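Chain by chain, the residues run as shown.
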Amino acid sequence: KATAYGLIAAAEKAGMELFLGSYPITPASDILHELAKHKSLGVKTVQCEDEISGCCMSVGASFAGDMAVTSTSGPGLALKSEAINLAVMAELPLVIIDVQRGGPSTGLPTKTEQTDLLQALFGRNGESPMPVVSTTTPCDCFDAAFQACKIAQEYVTPVIILSDAFVANGSSAWKLPDLKDYPEIHQHLVTSEMKETWSPYLRDPKTFTRFRALPGTEGFTHVIGGLEKDQQTGKISYDPKNHAEQVENRRKKIESIAKELPMLEVQGDADADTLVIGWGGTYGHLLEATKDLQKAGKKIAMAHFQWINPLPLNTEKVLRSYRRLIVAELNDGQFAAYLHMKFPDLPKMYQYNRVEGQPFIVEDLVNAFTKIMED
């Protein structure tokens, strides 16, 4: 419900109509159910024949000028990958919600895991970087949905939200926020002043974001399609140098988002030499375990990631400030591997992993962290 409300709020702040193209899948179906109730708020929902068409319809809705969203779980994210890649190449705003569940394949539909992280980051052909944001609590789903929509529109890119079954099936006391406290959302559209210098891939020099022309905008053209385009003319191009530059532009665009993101916060003891690292829906368990260890006299701190790509600007500084890192996640070590890739030669990194379709147990975390710290 909070996710659905966050999407509606974002559309309201942007002055756009919200479109959801989706296909029922556990545990993501509730987003479709909730949004279908709100036609009076300008929400359009389509229950499509399959996951692929759900994403393709949302790509079309985005091209036409709606705030477009598609929702799914792990198997559906795999099916949507080609259409998501089209949004990457055509540079269209799109929000993809993946409520993770146990896998692979149909796996454990009603159980929770964090095993779609690498799929969200890299599960497309070619160099196709995308922002990835995770939800930490049921209440946080509103802000995550709102922020994902804002980034998608202002940077003209698809964005993935990673939730999970534990968060989706959880509940929290939550006060409806006042939209006056939330920023406006601006579409990155062409203006009449650009007519003299217009080219189909005119980009903002600071963010490398392409200016978008909605269909029917007089004097402008938005070139769409999955083939690589010339930066000046918008025509299909097989020029090696042009392709390399376009790949770099799309990468720089995603990297430039980092300056908008909040810095990574650390909770716990300021003089700790051990940092517990988590992301997504494990927040509550890891925080409780950290507090229990502090009560037991252990010096320990915790950093929990919401933004996965790009990472907060101070990530490397924080990680290198500790002698010992413990990355805890409900998979076989995907975020740990990602951190190793981004920051080689980190301080000694330990891993605590569970892939049982169940959330963490605080007592198990305390025992495992204690053993690592005393080893």
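Residues numbered from 1 in each chain as written. Predicted model: local features only at pLDDT ≥ 70, side-chain atom pairs only at ≥ 80, totals over all residues. Heavy atoms only, no water.

### Describing unusual backbone geometry
Residue T26 is joined to P27 through a cis peptide bond whose omega torsion reads 0 degrees. Along the chain, the position of P27 falls in the loop between β1 (18-22) and α2 (29-35). A cis amide bond links N309 to the next residue, P310, at an omega of -5 degrees. With respect to the helices, strands and loops of the structure, P310 is situated in the loop between β10 (307-309) and α10 (315-319). If you check the backbone angles, E91 has positive phi at about 55 degrees while not being a glycine. One can find E91 in the loop between α4 (74-90) and β4 (94-100). A residue is classified by how much of its surface remains accessible, and E91, at 0% relative accessible area, is buried. (Helix = DSSP H or I, 4+ residues; strand = E, 2+ residues; numbered from the N terminus. Buried < 20%, exposed > 50% of the residue type's maximum accessible area, 1.4 Å probe, protein only.)

### Quick look at the packing of aromatic side chains
According to the stated counting rule, one finds 11 aromatic pairs in the structure shown. Judged by centre distance (5.5 Å) and plane angle (75 degrees), the rings of F142 and Y182 are edge-to-face. Pair noted here: F142 is in helix α6 (residues 140-155) and Y182 is in the loop between α7 (165-168) and α8 (240-255), with a separation of 40 residues, a long-range link. In this structure, F142 and Y182 share a single accessibility class: buried. In this structure an aromatic cluster arises from ring pairing among Y5, F142, F146, W174 and Y182. Sitting over the face of the ring of Y201, R210 holds its NZ or CZ atom 3.9 Å from the ring centroid. (Phe/Tyr/Trp six-rings, centres within 6.5 Å; stacked < 30°, edge-to-face > 60°. Lys NZ or Arg CZ within 6 Å of the ring centre and 35° of its normal.)

### A closer look at α8
Counted at 1.5 Å a residue, the expected span for α8 with its 16 residues is 22 Å, and the 23 Å between its end C-alpha atoms agrees. Three or more residues of α8 are buried, namely N242, Q246, N249, R250, K253 and I254. Here the buried residues of α8 occupy an arc of 130 degrees about the axis, which is enough to place them on one side. For α8, the exposed residues lying more than 90 degrees away from the buried face are P240 and K241. (Expected span 1.5 Å × (residues − 1). Arc of directions from axis to C-beta.)

### Here we look at the sheet that holds β1
The strand order across the open sheet built from seven strands is β2-β1-β3-β4-β6-β5-β10, with neighbouring strands paired in mixed fashion. Looking at the sheet topology across the chains shown, the edges are occupied by β2 (43-47) and β10. Within this sheet the neighbouring strands show an average axis-to-axis angle of 20 degrees, counted without direction. One ladder, built from four bridges, connects strand β3 (residues 67-72) with β4; its direction is parallel. Looking at the pairing, S71 lines up with I97 of β4. Strands in contact with helix α1 (residues 2-14) are β1, β2, β3 and β4; relative to β3, the strand with the most contacts, it is inclined by about 170 degrees. Of the strands in this sheet, β3, β4, β5 (132-134), β6 (158-164) and β10 touch α6, which is tilted by about 165 degrees from β6. (Pairing = 2+ DSSP bridges. Axes fitted to C-alpha atoms, helices over the stretch in contact; angles between N-to-C directions. Contact = heavy atoms within 4.5 Å.)

### Overview of the packing of α1 against α6
Close contact between α1 and α6 brings their axes to 7 Å; oriented N to C, the two are set at 35 degrees. Judged by the twist between their axes, the crossing of α1 over α6 is right-handed. For the pair α1 and α6, contact is made by A2, T3, Y5, G6, L7, A9, A10 and K13 and by C141, F142, A145, F146 and C149, respectively. Split into classes, the residues belonging to the contact of α1 with α6 amount to 10 nonpolar, two polar and one charged. (Left-handed = near helix turned anticlockwise from the far one by under 90°. Nonpolar A, V, L, I, M, F, W, Y, C, P; charged D, E, K, R; others polar.)

### Points about a nonpolar patch on the surface
The grouping of L118, F122 and M341 at the surface amounts to a nonpolar patch, some 280 Å² of accessible area in total. Of note, L118 is situated in helix α5 (residues 117-122). We classify L118 as partly exposed; its relative accessible area is 32%. (Patch = residues over 30% accessible without salt bridge, like charges linked within 9 Å, V, L, I, M, F, W, Y side chains within 5 Å. Areas by Shrake-Rupley, 256 points an atom, 1.4 Å probe, with all protein chains shown as cover. Salt bridge = Lys/Arg side-chain N within 4 Å of Asp/Glu carboxyl O.)

### Quick word on the sheet that holds strand β9 (residues 301-305)
One open sheet accounts for five strands, arranged β7-β9-β8-β11-β12; its pairing is mixed. Each edge of the open sheet is held by one strand with a lone partner, namely β7 (266-268) and β12 (348-353). Between one strand axis and the next, the sheet turns by 25 degrees as a mean value, whatever way the strands run.

### Quick notes on the pairing of β4
Taken across its seven residues, β4 has seven buried, putting it largely inside the fold. Neither face of β4 is left uncovered, since the one carrying L94, I96, D98 and Q100 and the one carrying V95, I97 and V99 both have all their residues buried. Considered for its hand, the β-α-β crossover made up of β3, α4 and β4 is right-handed. In this sheet, β6 lies alongside β4 in parallel orientation, the contact comprising seven bridges. Considered in β6, the bridge of V95 is made with V159. (Right-handed = clockwise from strand over helix to strand, strands pointing away.)

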